[in-house]
Amino acid sequence: MAVARKRKAEAPPPIYIVSGGSGASGEQVVESVLAQFPDVQVPIRKIAHVHHKTQIRDVVTRASGANATIVHTLVDARLRQYLIEAAREKEVVALDLMGPLLDRLGRILGQEPKGQPGLYRHLRKGYFDRIAAIEFALAHDDGKNPQDIPKADVVLTGVSRSGKTPLSMYLGVLGWKVANVPVIPDLPLPVELLRIDRGRVFGLDIDQKRLVHHRRHRQQRRGLTGPGTYTDPKIVLDEVETVRALCRKHRFSMIDVTDKPIETTADEIIEAVTRRFGDGSRTE
């Protein structure tokens, strides 16, 4: 019984995912399989961009010492065969997710596969760029992770309920990496906002009365009642004026979003950034 409890406490052997590309395909397969074992946490080690035999020898040696399983998606036939032989020599279990299907299709189609890693991602670059942009917007919503602001294609700033988040998400769907930074009274802005090229920063201007309406509607949905600074017209006007002053001081572009469709605002921003930066509109 004591031995059984000890084994249960031990972490299971890891799985090494070896890929000539990013390793995303192998990782997805492995995680889909592990979902069938929800009570067990299996360590996953992703070894991406494998292009040399020395990398393979290293991972096989590590896997051997850890009693690990190797799952590989190498499309380079030479490297794939080398890994299979190295794993056999070290008595490491290596599961080939690509080789059998590549060989089968090669025979059926009468063609040699290109053996080039990352082709799928390259062919669907637009799709993956959009996914990355949406993830960026989510990770940098409402002032989160300000250290990454220089990586953004566009930075939005404005007061609460001026539409920063939905606009960020919409631009993300179009493939633009967007961070949004709230302007909050008495709180300093992140220094990164003042270091990025001002041509990428857009302040969202909104009519005070419409903003009060949006905020009251939000309170009602949350079951909140009674007056407060959040919906006080004078304080709201002060917040709006703070954003306007900020944009004037740092020469940020201002866009009036009052009762404007989100698509129209997005088009204005894209047109401005493209005009200003040309081929450099999108950051790396």
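What you see is a predicted model; the values in this text were computed from it and never measured.

## Overview of the pattern of salt bridges
Any two side chains of opposite charge can pair if their charged atoms end up close together. Counted by the stated rule, this structure contains 12 salt bridges. The partner of Asp103 in a salt bridge is Arg80, and the shortest N-O contact between them spans 3.9 Å. With Asp103 in helix 5 (residues 99-109) and Arg80 in helix 4 (residues 77-89), this pair connects stretches of sequence that are 23 residues apart. Arg80 gets classed as buried once you look at its relative accessible area, which sits at 8%. Salt-bridge contacts for Arg215 lead to Glu239; the nearest nitrogen and oxygen are separated by 2.8 Å. Within this pair, whereas Arg215 is found in helix 9 (residues 208-221), its partner Glu239 is found in helix 10 (residues 233-250), the two being separated by 24 residues in sequence. You'll find Arg215 and Glu239 in the same group, each marked buried. Through salt bridges with shared partners, a single network forms among Arg80, Asp96 and Asp103.

## Thoughts on the sheet that holds strand 6 (residues 178-182)
If you trace the 4 strands from one edge of the open sheet to the other, you get 6-5-7-8, paired in parallel fashion. Pairing within the sheet leaves two strands with one partner each, and these edge strands are strand 6 and strand 8 (253-256). Neighbour-to-neighbour, the strand axes of the sheet open up by a mean angle of 30°, direction not taken into account. Direction of pairing for strand 5 (residues 154-158) relative to strand 6: parallel, over a ladder of 5 bridges. Each bridged residue has a counterpart across the sheet, and for Val155 the counterpart in strand 6 is Ala179.

## Some points on unusual backbone geometry
Even without a glycine there, the phi angle at Glu91 is positive, about 60°. Of note, Glu91 is situated in the loop between helix 4 and strand 4 (93-96). Within the chain, Asp259 stands out as a residue other than glycine whose phi angle is a positive 55°. Tracing the backbone through its elements, the reader meets Asp259 in the loop between strand 8 and helix 11 (262-277). Look at Asp259 and you get exposed, because its relative accessible area is 58%.

## Comments concerning the nonpolar core
By size, the foremost hydrophobic cluster in this structure holds 35 residues, and its most contacted members are Val154, Val155, Leu156, Leu171, Phe202 and Ile269. For Leu171, the contacting residues outside a window of four places in its chain are Trp176, Val178, Ala266, Ile269 and Ile270. Counting 16 residues, the second largest nonpolar core, distinct from the first, contains Tyr16, Val18, Ile70 and Ala87.

About the cut-offs
- Residues numbered from 1 in each chain as written.
- Predicted model: local features only at pLDDT ≥ 70, side-chain atom pairs only at ≥ 80, totals over all residues.
- Heavy atoms only, no water.
- Salt bridge = Lys/Arg side-chain N within 4 Å of Asp/Glu carboxyl O.
- Helix = DSSP H or I, 4+ residues; strand = E, 2+ residues; numbered from the N terminus.
- Buried < 20%, exposed > 50% of the residue type's maximum accessible area, 1.4 Å probe, protein only.
- Pairing = 2+ DSSP bridges.
- Axes fitted to C-alpha atoms, helices over the stretch in contact; angles between N-to-C directions.
- Core = buried A, V, L, I, M, F, W, Y, C linked by side-chain atoms within 4.5 Å.
- Contact = heavy atoms within 4.5 Å.

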